[in-house]
Amino acid sequence: MVPRRQEYGLKKTAGMRSGSVVNFRAAVNSGSVRRSSAVLPSVLTFLVIVASGGLLLMIEKGMLNSMETPSPRGSGRRLDLRGQAGKYGRDRLDVDVDSQILHEIRNRTIRTVCGQKNMPHSVWSLSPLQRKTLLQHILVNDQYRFLYCYIPKVACSNWKRVLKVLSGALENVDVSVKMNHHNDLLFLSSLKPEEIRYRLKHYFKFMFVREPAERLLSAYRNKFGEIQSYQKKYGVEIVKRYRKGLSKDASVAGDDVTFAEFVRYLLDEDAERMNEHWMPMYNLCQPCAVNYDFIGSHEHLENDAEFVLQRVGAPPHVHFPERQTWYKPVTTETLHYYLCSLPQKLLRELLPKYILDFSLFAYPLPNTTTEHCRH
């Protein structure tokens with residue numbers, strides 16, 4: 001039975017699909033764009049390139065390498081929005097100024113791009129495969145009336161811990177137990193269409209994003225450097241496909257995949273059929289089809305997670321888990337090293353495949369000019 005409707009006493013934040021828009025300037029020259037059906041999630045996403053001011057062309061021309069954009073990591077400056085306290089149920093609301101700016105940019109960009117008439121405007125306008133992927137990545141909490149679209153490599157394991165604590169399946173977020181990513185969790189895909197519609201309309205909806213190149217590198221280092229099952233399933237295939245003379249070698253273990261080989265593999269994969277750990281964030285959570293109330297970021301994880309927990313009315317004792325001691329962050333220096341080690345041709349071909357993640361979620365394109373890579 002569909003839960004009885006209960007109206008929230010809160011309005012959406014000003015940053016939710018509103019705010020400032022960034023206009024990127026570039027001459028239009030579509031002839032330089034690499035034409036391939038696998039480059040972007042669908043033909044419709046050409047509209048995204050147009051709405052974003054020719055980002056794809058600018059990748060080809062290297063025109064964004066020197067552009068200054070707000071840093072997703074923030075400057076440390078803080079803004080006290082006392083006037084918003086009543087709206088969010090806080091005594092005061094302390095937010096990072098750069099984080100607030102990014103929320104404004106991100107949500108207006110999404111609003112502008114998703115407003116195109118040929119873009120998907122609901123879950124039901126997606127293709128069956130797109131809808132299946134989306135619904136399998138949205139977690140439900142009926143008690144606190146929220147939906148969370150999880151993206152692998154964006155702190156999703158910790159968010160799943162939080163959901164298990166809120167449902168009573170886990171005592172607290174710090175319990176030392178191996179994380180099961182399916183047990184004791186309710187996925188939107190398991191509900192009936194009318195139940196899905198109700199929750200999409202009335203529940204608080206949020207997702208978290210991460211700098212796209214950093215997320216890919218994190219997936220590469222984790223899955224091919226530490227997880228044997230991924231080495232056997234994907235690593236062996238990648239090595240045999242892209243390393244000369246090993247296509248029929250039975251001794252290939254798949255535990256030494258290079259980052260360049262991984263990128264070549266990504267280029268040849270259909271974005272809509274990728275493994276979830278490197279599938280574009282856009283494809284996983286479909287921000288045009290779902291009107292998310294809040295899009296947090298990995299770079300502001302602590303503050304954004306705190307906001308979400310307070311927004312949904314989580315008990316005071318429920319907090320977002322601290323990062324584990326074994327966690328290996330992707331540093332700016334590490335990302336710089338891996339990206340600069342790639343052949344420029346590979347990078348130019350890779351970025352368009354994730355252009356929606358860069359443009360919609362307000363992440364600057366990586367600077368890999370020869371001068372920058374020397375340092």
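Rules and cut-offs
- Position numbers for residues start from 1 in each chain and track the written sequence from start to end.
- Under the rules for a predicted model, residues below a pLDDT of 70 receive no local features and side-chain atom pairs below 80 are neither given nor counted, while totals for whole chains, interfaces and linings still include all residues.
- To get the side-chain values, take all heavy atoms of the structure and skip hydrogens and water.
- Residue-level confidence of the predictor is summarised by pLDDT, bounded by 0 at the bottom and 100 at the top.
- A contact between two residues is defined here by any heavy atoms of the two lying within 4.5 Å.
- Comment: elements are numbered from the N terminus, with helices defined as DSSP H or I runs of at least four residues and strands as E runs of at least two.
- By this rule, a helix spans an expected 1.5 Å times one less than how many residues it contains.
- Exposure categories follow from relative accessible area, calculated using a 1.4 Å probe and restricted to protein chains: below 20% of the type maximum is buried, above 50% is exposed, and the middle band is partly exposed.
- In protein, a polar contact requires one atom able to donate a hydrogen and another able to accept it; more generally it is a pair of N or O atoms within 3.5 Å, and residues adjacent in sequence count only if both atoms are side-chain atoms.
- Strands are treated as partners if at least two bridges between them are detected by DSSP.
- Fitted lines through C-alpha atoms serve as axes, helices being fitted only where they are in contact, and the angles separating the N-to-C directions of these axes extend from 0 to 180 degrees.
- In this description, a disulfide is simply a cysteine sulfur pair whose atoms lie within 2.5 Å.
- Residues are called lining when one of their atoms sits within 4 Å of a cavity or pocket point, these points coming from a 1 Å grid over the protein atoms alone, where a cavity is a set in which a 1.4 Å probe fits but cannot get out and a pocket is an open set with protein on both sides within 12 Å along at least five of seven lines.
- Grid points are joined across faces, edges and corners, and a volume is the space filled by probe spheres set on the points.
- When residue character is reported, Ala, Val, Leu, Ile, Met, Phe, Trp, Tyr, Cys and Pro are called nonpolar, Asp, Glu, Lys and Arg charged, and the others, Gly included, polar.
- Aromatic pairing here means that ring centres of Phe, Tyr or Trp (its six-membered ring) are within 6.5 Å. Orientation follows from the plane angle: under 30 degrees is stacked, over 60 is edge-to-face, and everything else is tilted.
- Counting as a charge over the ring demands two things of the Lys NZ or Arg CZ atom: a distance within 6 Å of the ring centre and an angle within 35 degrees of the ring normal.
- We define a nonpolar core as any set of buried Ala, Val, Leu, Ile, Met, Phe, Trp, Tyr and Cys residues linked to one another through side-chain atoms lying within 4.5 Å.
- Within this document, salt bridges are pairs made up of a side-chain nitrogen of Lys or Arg and a carboxyl oxygen of Asp or Glu, the two lying within 4 Å of each other.

Draft legend 1. Spatial organisation of the confidence of the model for the chain. Residues at a pLDDT of 70 or more form 73% of the chain, whose mean pLDDT is 79. Overall, residues 1-94 carries pLDDT values under 50, and its contacts beyond four positions in sequence, including any with other chains, amount to 181 contacts.

Draft legend 2. Representation of helix H8 (residues 212-225). Between its terminal C-alpha atoms H8 stretches 19 Å, which fits the 20 Å expected from 14 residues at 1.5 Å a residue. Here H8 lies mainly inside the structure; twelve of its 14 residues are buried. Where H8 is concerned, the buried positions are Pro 212, Ala 213, Glu 214, Arg 215, Leu 216, Leu 217, Ser 218, Ala 219, Tyr 220, Asn 222, Lys 223 and Phe 224. Near the N-terminus of H8, the side chain that reaches the backbone nitrogen of Ala 213, with its oxygen 3.0 Å away, is that of Glu 211.

Draft legend 3. Layout of the sheet that holds strand E6 (residues 204-209). Spatially, the five strands line up as an open sheet ordered E5-E3-E4-E6-E7, and their pairing is mixed. Two strands lie at the open edges of the sheet, namely strand E5 (186-187) and strand E7 (294-297), each paired on one side alone. Of the strand pairs in this sheet, strand E3 (residues 138-141) and E5 are connected by two bridges, and their pairing is antiparallel. Bridging across to E5, Leu 139 finds its partner in Phe 187. Contacting E6 and E7, helix H4 (residues 97-114) crosses the sheet at an angle of about 130° to E7.

Draft legend 4. Structural view of the state of the cysteines. Tallying each qualifying case throughout the model produces three disulfides. Residue Cys 149 pairs covalently with Cys 285 via a disulfide, S to S 2.0 Å. In this structure the cystine formed by Cys 149 and Cys 285 twists about its S-S bond by roughly -95°; its chirality is therefore left-handed. Linking Cys 149 in strand E4 (residues 146-149) with Cys 285 in helix H11 (residues 281-285), this pair joins segments that are 136 residues apart in sequence. Cys 285 shares its class with Cys 149; the two are buried. In this model Cys 340 forms its disulfide with Cys 373; the gap between the sulfur atoms is 2.0 Å. Negative torsions about the S-S bond denote left-handed disulfides, and the value of about -75° found for Cys 340 with Cys 373 makes this one left-handed.

Draft legend 5. Main features of empty space enclosed by the protein. In the structure shown here, the tally under the stated rule is one cavity of 30 Å³ or more. The calculated volume of the largest cavity comes to roughly 80 Å³. Along the wall of the largest cavity there are 13 residues; nearest its centre are Ala 213, Leu 216, Leu 339, Leu 350 and Leu 351. Mapped by element, the contributors of at least two residues to the lining of the largest cavity are H8, helix H10 (259-268) and helix H14 (344-353). Residues that form the lining of the largest cavity fall into these classes: 13 nonpolar, no polar and no charged.

Draft legend 6. Here's a closer look at the packing of aromatic side chains. Inspection of every chain in the model, using the stated rule, returns 26 aromatic pairs. Relative to Phe 294, the ring of Phe 208 lies with its centre 6.4 Å away and its plane at 65°, an arrangement referred to as edge-to-face. Here the residue Phe 208 occupies a position in strand E6, and Phe 294 occupies one in strand E7, the gap between them amounting to 86 residues. For the pair Phe 208 and Phe 294, a shared accessibility class is recorded, and that class is buried. In this structure, Lys 160 is placed above the aromatic ring of Tyr 150, and the distance from its NZ or CZ to the ring centre is 3.9 Å. A cation sits over an aromatic face here: Lys 223 above Tyr 230, 4.8 Å from the ring centre.

Draft legend 7. Up close: H10. A large share of H10 lies buried, amounting to seven of its ten residues. Those residues of H10 that sit buried are Phe 259, Glu 261, Phe 262, Val 263, Tyr 265, Leu 266 and Leu 267. The elements touched by buried residues of H10 are H8, helix H9 (228-242), helix H13 (332-341) and H14.

Draft legend 8. Up close: the nonpolar core. Formed by 98 residues in total, the largest nonpolar core has its most connected members in Trp 159 and Trp 278. Setting aside residues no more than four positions away along its own chain, Trp 159 makes contact with Tyr 148, Phe 206, Phe 208, Leu 301, Ala 305, Val 308, Leu 309 and Phe 320.

Draft legend 9. The arrangement of the environment of Ile 227 in detail. Note on placement: Ile 227 falls in the loop between H8 and H9. Through-space distance from the C-alpha of Ile 227 to that of Asp 255 is 9.0 Å; in sequence the pair is 28 residues apart.

Draft legend 10. Geometry of the pairing of E4. Of the two faces of E4, the one carrying Phe 146 and Tyr 148 and the one carrying Leu 147 and Cys 149 are both buried. Of the pairings in the sheet, the one linking E3 to E4 comprises four bridges and is antiparallel in character. If you follow Asn 141 over to E4, its bridge partner there is Phe 146. Linking E3 to E4, which pair antiparallel, is a turn of four residues; within it Arg 145 sits at a positive phi near 55°. As paired strands, E4 and E6 are joined by four bridges and run parallel to one another. Counterpart to Tyr 148 in the pairing with E6 is Phe 206.

Draft legend 11. Representation of the pattern of salt bridges within the structure. Tallied over the entire structure, the rule returns nine salt bridges. Residues Lys 205 and Asp 293 are paired through a salt bridge, measuring 3.7 Å at the closest nitrogen-oxygen approach. Placement of Lys 205 in strand E6 and of Asp 293 in the loop between H11 and E7 is noted, with a sequence separation of 88 residues between them. Like Lys 205, the residue Asp 293 is buried in the burial classification. Its salt-bridge partner being Lys 345, residue Glu 349 comes within 2.7 Å of it at the nearest N-O pair.

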